[in-house]
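Observations on the model geometry
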Amino acid sequence: MPASTSVKLNTGAEMPTIGLGTWKSAPGAVELAVEHALTHGYTHIDTAAAYANEAEVGKGIADSKIPREKLFLTTKLNNNNHKDVPAALDASLKALNTPYLDLWLMHWPAPMNEDTTEPIHDHDWLDTWKSMEAVYAAHPEKVKAIGVSNFSVPYLERLLAVATVVPAVNQIELHPSCTQPEVVEFCTKKGIVLTAYSPLGSDNSPLLKNEVVNGLATKYGVQPANVLVSLQANKKNVTVLPKSVTNSRIESNLKVIDLTDAEIAELQKIDETAHFRACKPTWTGHGGLGFPDFD
Ligand SMILES: NC(=O)C1=CN([C@@H]2O[C@H](COP(=O)(O)OP(=O)(O)OC[C@H]3O[C@@H](n4cnc5c(N)ncnc54)[C@H](OP(=O)(O)O)[C@@H]3O)[C@@H](O)[C@H]2O)C=CC1
Ligand SMILES: O=C[C@H](O)[C@@H](O)[C@@H](O)[C@H](O)C(=O)O
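The structure reproduced in this document is the subject of the present report. (Residues numbered from 1 in each chain as written. Chains lettered and ligands numbered in written order. Predicted model: local features only at pLDDT ≥ 70, side-chain atom pairs only at ≥ 80, totals over all residues. Heavy atoms only, no water.)

**Digging into the overall build of the protein**
Helices and strands together make up the secondary structure of the protein, namely 11 helices and nine strands. Whereas a compact globule of 295 residues would reach a radius of gyration of roughly 19 Å, the protein reaches 18 Å, a difference of no more than 12%. When the backbone C-alpha atoms are referred to their principal axes, the protein occupies close to 50 × 45 × 35 Å. Burial analysis of the protein (295 residues in total) assigns 54% to the buried set. Residue pairs at least 24 apart in sequence account for 73% of intrachain contacts in the protein once pairs closer than 6 positions are excluded. When the accessible area of the protein is evaluated, it comes to approximately 12,300 Å², of which 54% is carbon and sulfur surface. Computed over 25 positive and 34 negative side-chain charges, the inter-centroid distance for the protein is 4 Å. (Helix = DSSP H or I, 4+ residues; strand = E, 2+ residues; numbered from the N terminus. Rg over C-alpha atoms; globule rule 2.2 N^0.38 Å. Buried < 20%, exposed > 50% of the residue type's maximum accessible area, 1.4 Å probe, protein only. Contact = heavy atoms within 4.5 Å. Areas by Shrake-Rupley, 256 points an atom, 1.4 Å probe, with all protein chains shown as cover. Lys, Arg positive; Asp, Glu negative; His and termini not counted. Charge placed at Lys NZ, Arg CZ, Asp CG, Glu CD.)

**Quick look at the packing of helix 4 (residues 125-138) against helix 5 (residues 153-160)**
A pair of packed helices can be characterised by two numbers: the angle between their axes and the separation between those axes. The contact between helix 4 and helix 5 brings their axes to 10 Å, and the two run at 55 degrees. Comparing the axis directions of helix 4 and helix 5 gives the class oblique. As for how helix 4 packs across helix 5, the hand of that crossing is right-handed. Seen from helix 4, the contacting residues are Trp125, Leu126 and Trp129; seen from helix 5, they are Tyr155, Arg158 and Leu159. Its residues assigned to classes, the contact of helix 4 with helix 5 shows five nonpolar, no polar and one charged. (Axes fitted to C-alpha atoms, helices over the stretch in contact; angles between N-to-C directions. Parallel < 35°, antiparallel > 145°, perpendicular 65-115°, else oblique. Left-handed = near helix turned anticlockwise from the far one by under 90°. Nonpolar A, V, L, I, M, F, W, Y, C, P; charged D, E, K, R; others polar.)

**A short note on the site of ligand 2**
Residues in contact with ligand 2, as listed here, are Trp23, Tyr51, His107, Trp108, Cys279 and Trp283. Looking at the shell around ligand 2 residue by residue, the classes come out as five nonpolar, one polar and no charged. (Near = heavy atom within 4 Å.)

**Here's the deal with the site of ligand 1**
Near ligand 1 lie 30 residues; those nearest to it are Asp46, Ser202, Asp203, Ser244 and Thr246. A distance of 2.6 Å separates an oxygen atom of ligand 1 from a polar atom in the side chain of Asp46. Between an oxygen atom of ligand 1 and a side-chain N or O atom of His107, the distance comes to 3.2 Å. Taken by itself ligand 1 offers 910 Å² of open surface, and the protein chains cover 91% of this. Considering only residue class, the shell around ligand 1 consists of 12 nonpolar, 13 polar and five charged. (Polar contact = N/O pair within 3.5 Å; in protein donor to acceptor, adjacent residues only side chain to side chain.)

So, in structure tokens, the structure goes:
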């Protein structure tokens, strides 16, 4: 099926299919990258309190002069803020210099200490979700949708058993070396949109040199990165976040090609022989977080 330009959330809102990623986009560079993206066709930006760049992302948004209602802005609750959800939301809004978020995600189901070096075990992430639901209900003017990130099937099952709000999105690692079919299928069945992070395989990705990826890039006259972004954009229930601080790449990453079902299957097969994750859940100190390649 042809690639989408937006995907409908369970709130009714449209989420633009391609968003600019900003993890490791340093202050100084990130405001220019965000401004460049927003003045060259992007309408969706992804950041996180953990990236320590929300203020600069906010500056890039302001400098672009894009009307707020034309932008889809996502940020994430940091692992060290699970105990103080309302204050964390206000801090992100202030840093981003925006009256509201289009989407606010629990970054990891993994509460951590103040400087995110150690896990803490006296707080349950399910209570964090309940606090996010409460803030969302009390302040619809501040947050238009809530969701999760780095949630495996067992963690989603635990959440859905008590949730009064079904997460709008689960943002997870998705690329040909990390295809996660179980969680993609589960979310799709439950009406939860997937957002593909590290779609190029993150920094210094071997996927950019992969033979299948390069074969398709040559066939369609595009860059390997376009094949990788297009793979996600060609899926029905998926949005995708290529990150770059390089203007030419920011522009070119928006170009999506329509892949055939056979080409999609060939790309997804790469996982069978060359599996990797750029972001291992174990970094949080909470184990594999229910992901089958860790537990
Ligand atoms: N929820 C979560 O836990 C996570 C969320 N994310 C989100 O997803 C976004 C994307 O993931 P990320 O890990 O950053 O990695 P990506 O897969 O987007 O890859 C980014 C890397 O690819 C390079 N690159 C970008 N475009 C091209 C191109 N056209 N050709 C060649 N190289 C290119 C970038 O370099 P350069 O910038 O120098 O151009 C950078 O080194 C993040 O920025 C973040 O917003 C990511 C990880 C975890
Ligand atoms: O969004 C980005 C990621 O979640 C990142 O914050 C973590 O993956 C972590 O820093 C790590 O070291 O792996």
